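Working through the structure, step by step
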Amino acid sequence: MGFSGSTGNLYRGYDGADLSYRGPDPDSYRPYYLKKNNQDADDYSDVIALTDALTNSSDETFRAEAEVLADSGEWLRWFAVQAVLDNREGALWFGQGDDYFLYHRPSDDRFILISWDHDETFCDLNPDLCNPKNSIWRPNLPIVRRILLYPDFTRWYYQEIASIAAHEFSVEEMYPRIDALPRLGSGEGRDELKEYVAARIPALNDQIPDTTLSISTNGGANLTTTQPEVTLEGNCSPLRDVYVNGPPPLPPPGGGGKGGVQYPTATTWHYTSTLWTRDNVFVISDGLDSRTITVYWDTFHGGTLTEDTTLPTSGYPYAITDDIVVPAGLTLTIEPGVTLQFQAGRSLRVEGGRLLAEGTAAQPILFTRQGSGYWGGILLESTQADNRISHAVIEYTREIITCPRTHGVSAYGSRVTIADSVLRYTKESVAVQTYSWGGYEPTIYLLRNEIYDIESDAVHVTDGYAFIQGNHIHDVRRGVYPLEGIEVSHMITPALLLDNHIHDVSDDCMDLNHSSAVIERNELHHCGDKGISIGHPSSTTLVNNLIYTCLGKEEDPYSGTGIAVKDGAVSRIVNNTVTGNRHGIYLYEGHEGQGGGIATVVNCIMWDNETNLELRDGSVITVTYSDVGGGEGVWPGEGNINADPLFRVPQNGIYRLLEDSPCVDTGTPVGAPNEDIRGVHRPHGEGYDRGAHEFFEFFSCYVPLILRSYRLPRCGSRVIIKVGPCSSAG
């Protein structure tokens, strides 16, 4: 047989090798599947798995499971050959399952069938058996019939029989082969064989259904639906695959039919599609015939609302071909799971109305584009309603309108809450922006979002009130342009910037101008310019922030600063850790005539920066109970030290303190916060620690910033996150 040197198992099917599952015991297979090689391994697991799949898989998974273990195309052709030749020897064709080989092919880990003993094909000595019209459905073994009667495999079976009859078994091919036979069996002549071939070919074709392509849905006439999906059905030839709107590059793996087409029977097709636009044209073809049906989808595609409107959950995108405009007094509600695909240049504008786009973690709302163009984002204009966007993805936006300006989300004189969402892939525009407009101040709550791949400032809030907590902002850059992570401008009511993680920004991670702000528990690193830049006189309080690896731009002497206080700004800086930057804390005059900065620094760590603390241009600083590195001396001020703070694993960005750190228990309680950057209660030892982290010897699991407890100052609600037992950790 030529398989002695192969690594694949070769079995000879012997009386009873009918491919039925006989249980997990190899002894149940040895008498029927005779190993012709690899006997020493004595491993029958492959044939057991094959019979298990062929016997016990459900109808829904039968094809997929069978094709994992068997080369179904080769098997169907093998059965077609037996049918064409009318093999009466038995094998798997009919009988009890013998006179064939199973080979487990190592190259794809699948079985193929190999023929053996074909001495009873064509005609027979018994004239009653020499019937060219014998049925192609003679197989009687249950597993073989299951294979051949599975609709997809039935179609392949018909196709292989027709192909063999037209080519290898054709008169043109067979007659010369018969003439070349060296000798013939007793009583059987060449003419009889030729007569059998000539009669067998039409007999085979007569047994293949002659069905033509048709559409039976709605009688083949065009139809209208309000549903997001349509199911089309019809008849088809078993010899030709049905395609919808052209053939795909490849058939779906393990699926029925081509291009999503399924075959309930060998001669019927079934196709279900989500509708993508109002006029959905389906061209059904099989390579010979073609039929067309148009399905009209009557649903929302934009425009100015005239009543409260709800976009219900749908598995298919809403194709937005016109601007969505929500006038005053009306509400647009978008349910979880909805996808809105905007044509390039279109936008969603809430002009005094209300937007409620509240998805869920399992079913987020997706605001995205059609094709490769960018859309205009969400603009809220002069709406003081409770606008909410949560569990949403907003992507591929750019500025379409310049006055007011559209970005990812723009709130002009409006109130909005954006929570648990993703904003990404802007084109030269801001992800989130607020601005005073129409006599209204903006109010924004920006909570627990991820904002990334932004080609302008990620967040730029101006005027009004901003509560920004728990956001992850990163990858904010566009060429050489200086882009901020969060920029706060002209904010009289203090903005709250809490628990944010900002990194890989081309300019400042946080930039404040003419603003008041409370900045607490933020982790800022790999900022292209400064970690926190405070200028154009602003008044800020910085507590429990961790700022590291801001290396800046070599040509700018002020760049790469962890905390910059400049141009008349005033800042109180308490329990911050500033490390690994070009400058730690730097006070200076950034714009001529504005003056330097004023700062009070308490319980902070400034360590391993190129310069840890620096001031010039008449700046004033008071430093107490802080660890200021650099040189051999100690920075003037009560309780200051100059000692290695002993960070846990600084090379991995872990700046918690080791137990014997000189910063543990040596801070001052005066003005110290009651918890650290991760929400650990202060103090945990004999005194308050310096820096952003409180040493806690039993605490080894840290709640992510976006999950921590917080109080919304304007609504008074409190969210509590409970953490289970944690392992001991020095």
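Residues numbered from 1 in each chain as written. Predicted model: local features only at pLDDT ≥ 70, side-chain atom pairs only at ≥ 80, totals over all residues. Heavy atoms only, no water.

Counting its regular elements, the chain contains seven helices and 54 strands. Compactness check: the chain gives a C-alpha radius of gyration of 38 Å against a globular reference of 27 Å for 730 residues, more than 25% above the reference. In terms of principal-axis extent, the alpha carbons of the chain reach across some 120 × 70 × 45 Å. Looking at the chain as a whole, 52% of its 730 residues qualify as buried. Considering only contacts in the chain between residues 6 or more positions apart, those separated by 24 or more positions represent 61%. When the 54 basic and 98 acidic side-chain charges of the chain are each reduced to a single mean position, those positions are 2 Å apart. (Helix = DSSP H or I, 4+ residues; strand = E, 2+ residues; numbered from the N terminus. Rg over C-alpha atoms; globule rule 2.2 N^0.38 Å. Buried < 20%, exposed > 50% of the residue type's maximum accessible area, 1.4 Å probe, protein only. Contact = heavy atoms within 4.5 Å. Lys, Arg positive; Asp, Glu negative; His and termini not counted. Charge placed at Lys NZ, Arg CZ, Asp CG, Glu CD.)

Attention now goes to the nonpolar core. Within the largest apolar cluster, 78 residues are counted, with the highest numbers of intra-cluster contacts made by Ile334, Leu340, Leu348, Phe367, Ile378 and Val459. Setting aside residues no more than four positions away along its own chain, Val459 makes contact with Val432, Leu446, Ile451, Ile468, Ile473, Gly485, Ile486 and Glu487. With 53 residues, the next largest nonpolar core counts Ala17, Leu54, Ile143 and Tyr157 among its residues. (Core = buried A, V, L, I, M, F, W, Y, C linked by side-chain atoms within 4.5 Å.)

Here we take up the pattern of salt bridges. In the structure shown here, the tally under the stated rule is 36 salt bridges. A salt bridge links Asp152 to Arg63; its shortest N-O distance comes to 2.9 Å. You can see Asp152 sitting in helix 5 (residues 151-166) and its partner Arg63 sitting in helix 2 (residues 62-69), a full 89 residues away along the chain. Judged by its relative accessible area of 10%, Arg63 is buried. Across the pair Asp386 and Arg388 runs a salt bridge, and its minimum N-O distance is 2.8 Å. (Salt bridge = Lys/Arg side-chain N within 4 Å of Asp/Glu carboxyl O.)

Further remarks concern the sheet that holds strand 11 (residues 290-297). Whenever strands of a sheet pair, they do so through backbone hydrogen bonds, lying parallel or antiparallel. Within the open sheet, the four strands sit side by side as 5-11-10-7. Their pairing is mixed. A single partner strand is all that each edge strand has here, and the edge strands are strand 5 (223-225) and strand 7 (243-244). Note: strand 5 against strand 11, three bridges, orientation parallel. Paired with Thr224 across the bridge in strand 11 is Tyr296. (Pairing = 2+ DSSP bridges.)

Quick look at the pairing of strand 35 (residues 501-505) now. Of the strand pairs in this sheet, strand 32 (residues 472-476) and strand 35 are connected by four bridges, and their pairing is parallel. If you follow Ile473 over to strand 35, its bridge partner there is Ile502. Pairing analysis gives four bridges linking strand 35 to strand 38 (residues 523-527), with the strands arranged parallel. Across the sheet, the residue bridging to Ile502 is Leu524, located in strand 38.

Take unusual backbone geometry next. The amide bond that connects Arg682 to the next residue, Pro683, takes the cis arrangement and shows omega of -10 degrees. Turning to its location among the elements, Pro683 is positioned in the loop between strand 52 (654-657) and strand 53 (710-711).

Attention now goes to the state of the cysteines. Two cysteines, two sulfur atoms, one covalent bond between them: this is a disulfide. One pass over the full model with this rule turns up one disulfide. Each disulfide pairs two cysteine sulfurs, and for Cys509 the partner residue is Cys527, the sulfurs being separated by 2.0 Å. Classification of the bridge connecting Cys509 and Cys527 rests on its S-S torsion, roughly -100 degrees, and on that basis the disulfide is left-handed. Taken together, the residues span a long stretch of sequence, with Cys509 in the loop between strand 35 and strand 36 (510-513) and Cys527 in strand 38 at a distance of 18 residues. Classification of Cys527 as buried rests on a relative accessible area of 3%. No disulfide involves Cys550; its nearest neighbouring cysteine sulfur is the one of Cys527, lying 3.5 Å away. (Disulfide = S-S within 2.5 Å.)

This part takes up helix 4 (residues 142-149). Of all the positions in helix 4, only Ile143, Val144, Ile147 and Leu148 are classed as buried. Buried residues in helix 4, looked at end-on, bunch into an arc of 130 degrees, giving them a common side. Those residues of helix 4 hidden inside the fold are in contact with helix 1 (45-56), helix 2, helix 3 (72-85) and helix 5. (Arc of directions from axis to C-beta.)

Evaluated as defined, the whole model comprises 27 aromatic pairs. Look at Tyr271 and Phe282: their rings are 6.3 Å apart centre to centre, the planes differ by 70 degrees, and that puts the pair in the edge-to-face class. With a gap of eleven residues between them, Tyr271 in strand 9 (residues 268-274) and Phe282 in strand 10 (residues 279-285) connect regions that are remote in the sequence. Judged by relative accessible area, Tyr271 falls into the buried class, the value being 14%. Each ring, one from Trp276 and one from Phe282, has its centre 5.5 Å from the other, and the planes form 75 degrees; the classification is edge-to-face. Here Trp276 falls in the partly exposed class, since its relative accessible area comes to 33%. Within the aromatic cluster, the residues linked to one another by ring pairs are Phe62, Tyr150, Phe153 and Trp156. It is Lys194 that lies over the ring of Tyr175; its NZ or CZ is 5.3 Å from the centre. (Phe/Tyr/Trp six-rings, centres within 6.5 Å; stacked < 30°, edge-to-face > 60°. Lys NZ or Arg CZ within 6 Å of the ring centre and 35° of its normal.)

Now for the packing of helix 1 against helix 2. One can describe the packing of helix 1 onto helix 2 by two numbers: an axis separation of 9 Å at closest approach and a directional angle of 165 degrees. Classified by the angle between their axes, helix 1 and helix 2 sit roughly antiparallel to one another. Crossing angle aside, the handedness with which helix 1 passes helix 2 is left-handed. Facing helix 1, whose interface residues are Ala49, Leu50, Ala53 and Leu54, helix 2 presents Phe62, Glu65, Ala66 and Leu69. For the contact of helix 1 with helix 2, the residue count by class is seven nonpolar, no polar and one charged. (Axes fitted to C-alpha atoms, helices over the stretch in contact; angles between N-to-C directions. Parallel < 35°, antiparallel > 145°, perpendicular 65-115°, else oblique. Left-handed = near helix turned anticlockwise from the far one by under 90°. Nonpolar A, V, L, I, M, F, W, Y, C, P; charged D, E, K, R; others polar.)

If you trace the four strands from one edge of the open sheet to the other, you get 2-1-3-4, paired in antiparallel fashion. Looking at which strands have only one partner, the edges of the open sheet turn out to be strand 2 (33-35) and strand 4 (110-115). For this sheet, the mean inter-axis angle between neighbouring strands, taken without regard to orientation, is 30 degrees. Two strands pair when backbone bridges link them, and strand 1 (residues 10-13) and strand 2 are joined in this way by three bridges, in the antiparallel orientation. Note that in strand 2 the partner of Tyr11 across the bridge is Lys35.

Another aspect to go through is the confidence of the model for the chain. Mean pLDDT over the chain: 89, with 91% of residues reaching 70 or higher. Scored below 50 in pLDDT, residues 698-703 makes 19 contacts in the model with residues more than four places away or belonging to other chains. For the stretch residues 705-730, pLDDT sits under 50, and the model shows 64 contacts to residues farther than four places along the chain or on other chains. (pLDDT = per-residue confidence, 0-100.)

Right, let's get into helix 7 (residues 190-206). The first and last C-alpha atoms of helix 7 sit 25 Å apart over 17 residues, in line with the 24 Å expected at 1.5 Å per residue. Buried residues in helix 7 make contact with helix 3, helix 5 and helix 6 (171-179). (Expected span 1.5 Å × (residues − 1).)

A separate point is the pairing of strand 27 (residues 432-435). Two strands pair when backbone bridges link them, and strand 24 (residues 409-412) and strand 27 are joined in this way by four bridges, in the parallel orientation. Paired with Ser410 across the bridge in strand 27 is Gln433. As judged from the three bridges shared by strand 27 and strand 30 (residues 459-462), these two strands associate in the parallel manner. In the strand pairing of strand 30, Thr434 is matched with Val461.

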